[in-house]
Amino acid sequence: MLNTWEVNQVELSERKKLVLSNIVEQYIATGAPVGSKAVCSALDSACSSATVRNEMSELIELGFLVQPHTSAGRIPSNKGFRFYVSSLMKKYKLSDRDKQFIDNALPQYVDNPDDFMVKAGTVLANITRCAAVTTVPVDKDAALSKVEVIPMGRGILLLAVLTSSGMIKNRVCHCDVSITSDDADLFVKVINKAFSGKKLCNITPAQVQTLAPMLGDKMLALSSVLNGFFLTVQDFVDIKYRFEGETNLLFRGDMTEENLLNILGFLSRKESLSQILKRVGEKTEVLIGEETDEEALSSAAIISAGYAGSSHMIGKIAIIGPTRLDYFHYIPSIEYFASAIEKILLKNI
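Residues numbered from 1 in each chain as written. Predicted model: local features only at pLDDT ≥ 70, side-chain atom pairs only at ≥ 80, totals over all residues. Heavy atoms only, no water.

(A) Examining the overall build of the protein more closely. Secondary structure summary: the protein contains 13 helices and 11 strands in total. The C-alpha radius of gyration computed for the protein amounts to 26 Å, which surpasses the reference 20 Å derived for 349 residues by more than 25%, pointing to a less compact arrangement than a globule. Its C-alpha atoms put the protein at 90 × 40 × 35 Å along the principal axes. Counting all 349 residues of the protein, 48% fall into the buried class. Put simply, 64% of the contacts in the protein that link residues at least 6 apart link residues at least 24 apart. For the protein, the exposed surface amounts to about 17300 Å²; the carbon and sulfur share of it is 50%. Taking the average place of the 37 positive charges on the side chains of the protein and the average place of its 40 negative ones, the gap between the two points comes to 3 Å. (Helix = DSSP H or I, 4+ residues; strand = E, 2+ residues; numbered from the N terminus. Rg over C-alpha atoms; globule rule 2.2 N^0.38 Å. Buried < 20%, exposed > 50% of the residue type's maximum accessible area, 1.4 Å probe, protein only. Contact = heavy atoms within 4.5 Å. Areas by Shrake-Rupley, 256 points an atom, 1.4 Å probe, with all protein chains shown as cover. Lys, Arg positive; Asp, Glu negative; His and termini not counted. Charge placed at Lys NZ, Arg CZ, Asp CG, Glu CD.)

Structure representation (structure tokens):
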């Protein structure tokens, strides 16, 4: 595994830093191995070609560069990308035009947080040409405000669960027999009395099941609604990961077929990626190659950022692509993207 701390502690001379930084930036821009002449030209004769070749050789020995073929130029290793991102890359400040482009691309109204985050993920994938992951904001401190049930006829009921943070989720429940308004009122009374003001994360299946006898002779008829209530509570508590834009990777042209198949195969296992995102913090983070602890992602990079939907509602966004990502522009763009989502959610929820 690539030890990020150890990489960041490596001491390189200023000239080696200059050469490495230039090679990384040229490789990101062109996708082609970078030769000593190209480095000399970019450095405006600050170093001779022989000096640059010596520095390249030493950077290869230190593990920061790789030479794909004997006669080819050099490309950054994962260690080289990590050192560049952590220690060499300058901070890019998004222009007002960049920010306006992101603001205009995002929906400004949130009717349903789930649908909004799917749309946001699609926008993020399109902007970066990578696969995008988003999570619906989860408020683990939210409590049940109230439950409402509306009979729709023919054994169909609409269950609505409202939380203390102002979020609401609806669920259609089907019963074997017709349910009257009085039956619905009984269900609402029992649920609200038992759980109103209680944190959603503390509501257990056993607690919900103990309420069944209180429904009297309607216990069996309303069992599906009781189960629907618990499933809706779990919808508020469980983190849901939305994946968009996986096919973008097919058209990037900067990955080998093997690397592409490895990444796409990994993305098909949604739970594996969700486990990685659970490990990263709420601030912007970059995982490169072995830092993901996944062999299939040894040639991939993940950039993630957190956002808040309120003081307690936290979510994440991320992109997954090849290690040859435009970190210089993508990192501040994703940070702003997360802050833009945050503003929209705070305004609408």
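That was the structure; now back to the text.
(B) Main features of the side chain of Asn78. Tracing the backbone shows Asn78 in helix H5 (residues 78-88). A relative accessible area of 13% places Asn78 in the buried class. A polar atom in the side chain of Asn78 sits 2.8 Å from the backbone oxygen of Ser298. (Polar contact = N/O pair within 3.5 Å; in protein donor to acceptor, adjacent residues only side chain to side chain.)

(C) Inspection of the environment of Ser87 at higher detail. One can find Ser87 in helix H5. For Ser87, a relative accessible area of 38% puts it in the partly exposed group. With 245 residues separating them along the chain, Ser87 and Pro332 place their C-alpha atoms 16 Å apart.

(D) Molecular detail of the side chain of Thr163. As for its placement among the helices and strands, Thr163 is situated in strand E6 (residues 156-163). Those residues within four positions of Thr163 in sequence are excluded, and the remaining contacts are Ala142, Ala143, Ser145, Leu200 and Phe236.

(E) Quick look at helix H11 (residues 257-267). Listed as buried for H11 are Asn259, Leu260, Ile263, Phe266 and Leu267. The buried side chains of H11 occupy one side of the element, clustering within an arc of 135 degrees when seen end-on. Exposed positions of H11 whose direction lies more than 90 degrees from the buried face are Glu257, Glu258 and Leu261. (Arc of directions from axis to C-beta.)

(F) A look at the pattern of salt bridges. What the rule picks out here adds up to 16 salt bridges. Lys16 is the salt-bridge partner of Glu55, the closest N and O atoms lying 2.9 Å from each other. Taken together, the residues span a long stretch of sequence, with Glu55 in helix H4 (residues 49-61) and Lys16 in helix H2 (residues 14-30) at a distance of 39 residues. Beyond isolated ion pairs, a larger network of salt bridges with shared partners links Arg15, Lys16, Glu55 and Glu58. (Salt bridge = Lys/Arg side-chain N within 4 Å of Asp/Glu carboxyl O.)

(G) Layout of the sheet that holds E6. What the 3 strands build is an open sheet, ordered E5-E6-E7; its pairing is antiparallel. The open sheet has two edge strands with one neighbour each: strand E5 (144-153) and strand E7 (168-174). Averaged over all adjacent pairs, the angle separating strand axes in this sheet is 20 degrees, with direction ignored. Here E5 pairs with E6 via 8 bridges, running antiparallel. From the neighbouring strand, Gly153 faces E6, where its bridge partner is Ile156. Helix H8 (residues 181-195) contacts E5 and E6 of the sheet and is inclined by roughly 165 degrees relative to E5. (Pairing = 2+ DSSP bridges. Axes fitted to C-alpha atoms, helices over the stretch in contact; angles between N-to-C directions.)

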